[in-house]
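Survey of secondary and tertiary structure
Listed below, chain by chain, are the residues.
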Amino acid sequence: MHDETIAIHGGYEGESTRAVAVPIYQTVAHDFADAAQAAAVFDLQSPGFHYNRINNPTNDVLERRIAMLESGTAALVLASGMAAVSAAILTLAEAGTNVVSLPQLYGATYTYFVHVLPSLGIEVRLAPDDRADSVAGLIDGRTRAVFCESIGNPAGNVVDLEALAAVAHSRGVPLVVDNTVATPLLLKPAEHGADIIVHSLTKFVGGHGTALGGALVDAGRFGWSEHPDRFPAFCQPEPAFHGVVFAEEFADRAFAVRARSVTLRNTGATLAPFNAFLLLQGLETLPARLERHERNARVVAEYLASDERVAWVSFVGFPEHPSFELAQRYLKGHAPSIVTFGVEGGYEAGLTLFDSLKLFKRLVNLGDAKSLVAHPASTTHRQLTREDLALVGIPPEMIRLSVGLEHPDDLCDDLDQALAAATKRARSNR
Ligand code: PLP
């Protein structure tokens, strides 16, 4: 099936009532037929549901659909994108090990990596830039993962995944890719060497700003058994799950099964089935929405680029964007509907523009049907020093637009009046 069809039908074959929409299984637990069936489900010997911290039939459809779209073997949904980021790391690493990451990261991921994981004894080594060569020297015998965002948020850099995967794999380390901004419609990291894919479903997948959610996808390719010393948690009996050897019993789903039965089961960041239902609704229209998002973003980016009150504009769809070539290769020539820019008059003028917008919603989300505006340096990336901001690719004056589905002329009109306010303020301050 094509993506457009999977987005609507994938993973759902109907159920006994023949409900067309995926039903919301608003239940905490499932009745076992008998003790033997209960034991078989708990032992992962037989498929089935037991307790909804671990799995749920509504969530199960979303998991199957996401796995299909990402060309993976299995997926796991969680309560938020950050739950997915942290579950990915906690499934792979423990105290005394390290993770190597590209620096262009979403703010909370950056904070989690730089401040939280080290307090748990997991070191995160940030590369100085997004080149595969820069990562190679940071990997050692204790490295458990190489991490990147396929398109950095908000830096907008498109990563050369194949080069990064080659470096990681040559050292026996899996590549973990946060594919939130691209979505599986623009890019399938598993087809370019990624081993684990992370999503915030809160963004484009949900698409309407109504439900938080996250996902992990197992690409099913990483050979855990080839690296028994690096991955004892996959290759030795698991004490947290009655001695299961995940790499042996679950081969191409070992990561997904361990993430569910050890990490999610014991940390509990479960997605509510009602949110799974909302995210499934969003997913159905993702392919159609993305086309309009991109078209509108191009109009807005071109409008900003043509206006002399604007100092700089960054849009992956412009040939002068540093990632344009990589976007041709990895995003099939498409671009995400994220536009960043700075205005003449710098930081202060940028904030006046931010305050003056009427149609764009001032908030820290992206991928909504509504157009959104954010000032990363004072919000999502507020904890970062000036040096850290430079490393993750955020000039202090950067304004980030997530261009929505309204008529683009209305969006340009809104920007026009806000630019007028910003310019007037800048002149009166001179
Ligand atoms: N990853 C990326 C690239 C994001 O942009 C975000 C949120 O903006 C997250 C992860 C975290 O997602 P959530 O807000 O659903 O926890």
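Residues numbered from 1 in each chain as written. Predicted model: local features only at pLDDT ≥ 70, side-chain atom pairs only at ≥ 80, totals over all residues. Heavy atoms only, no water.

What about the sheet that holds strand S3 (residues 123-126)?
Consider a sheet: its strands pair through backbone hydrogen bonds, and that pairing is either parallel or antiparallel. Read across the sheet, seven strands follow the order S1-S7-S6-S5-S4-S2-S3 without closing on themselves; strand pairing throughout is mixed. Whereas interior strands pair on both sides, the edge strands pair on one side only; in this sheet they are strand S1 (74-78) and S3. Averaged over all pairs of adjacent strands, the angle between their axes in this sheet comes to 20°, without regard to strand direction. Across five bridges, strand S6 (residues 196-200) lies against strand S7 (residues 214-218) in antiparallel orientation. Following the sheet pairing, Val-198 is matched in S7 by Leu-216. Across the face of the sheet, helix H7 (residues 161-170) comes into contact with strand S4 (143-149) and strand S5 (175-178) while running at roughly 150° to S5. Contacting S1, S6 and S7, helix H11 (residues 254-267) crosses the sheet at an angle of about 30° to S1. (Pairing = 2+ DSSP bridges. Helix = DSSP H or I, 4+ residues; strand = E, 2+ residues; numbered from the N terminus. Axes fitted to C-alpha atoms, helices over the stretch in contact; angles between N-to-C directions. Contact = heavy atoms within 4.5 Å.)

Points about unusual backbone geometry
Cis geometry is adopted by the peptide bond preceding Pro-154, which originates at Asn-153 and carries an omega value of 5°. Looking at the secondary structure, you find Pro-154 in the loop between S4 and H7. With a phi close to 60°, Arg-18 is a non-glycine residue in the positive phi region. Along the chain, Arg-18 falls in the loop between helix H1 (3-9) and helix H2 (35-42). Given a relative accessible area of 72%, Arg-18 falls into the exposed group. Despite not being glycine, Lys-332 has its phi angle at roughly 50°, a positive value. Looking at the secondary structure, you find Lys-332 in the loop between helix H13 (324-330) and strand S9 (338-343). With relative accessibility at 53%, the residue Lys-332 sits in the exposed group. (Buried < 20%, exposed > 50% of the residue type's maximum accessible area, 1.4 Å probe, protein only.)

What about the pattern of salt bridges?
Evaluated as defined, the whole model comprises 15 salt bridges. Between Arg-144 and Glu-94 there is a salt bridge; the shortest N-O distance is 3.0 Å. Of this pair, Arg-144 sits in strand S4 while Glu-94 sits in the loop between helix H4 (81-92) and strand S2 (98-101), and the two are 50 residues apart along the sequence. Relative accessible area serves as the criterion here: at 4%, Arg-144 is assigned to the buried category. (Salt bridge = Lys/Arg side-chain N within 4 Å of Asp/Glu carboxyl O.)

A few points about the domain arrangement of the protein chain
How big an interface is tends to be stated in terms of accessible area lost as the parts join. Segmenting the protein chain into domains produces domain 1 (3-274) and domain 2 (287-428). Distance from the C-alpha centre of domain 1 to the C-alpha centre of domain 2: 30 Å. Of all residues in domain 1, the largest losses of buried area upon contact with domain 2 belong to Pro-154, Leu-186 and Phe-204, amounting jointly to 25% of the total for that side. Viewed at the interface, domain 2 and domain 1 are joined by two salt bridges. Note that Glu-162 is salt-bridged to Arg-329, the shortest N-O span being 3.5 Å. Between domain 1 and domain 2 we count 16 residue pairs in polar contact (both at pLDDT 80 or more) in total. Those elements giving two or more residues to the side of domain 1 that touches domain 2 turn out to be H1, helix H5 (107-119), H7 and helix H8 (183-186). Broken down by element, the side of domain 1 that touches domain 2 gets its largest block of residues, four residues, from H5. (Domains from an automatic or database assignment. Buried area = accessible area lost by both parts, 1.4 Å probe. Polar contact = N/O pair within 3.5 Å; in protein donor to acceptor, adjacent residues only side chain to side chain.)

A closer look at the site of the ligand
Neighbouring residues of the ligand: 13 residues in total, closest Gly-81, Asn-153, Asp-178, Ser-200 and Thr-202. Backbone polar atom of Gly-81 to an oxygen atom of the ligand: 2.8 Å apart, as the coordinates give it. For the ligand, a nitrogen atom lies 2.6 Å from a polar atom in the side chain of Asp-178. For the ligand, whose accessible area on its own is 390 Å², the fraction buried by protein is 93%. (Near = heavy atom within 4 Å. Areas by Shrake-Rupley, 256 points an atom, 1.4 Å probe, with all protein chains shown as cover.)

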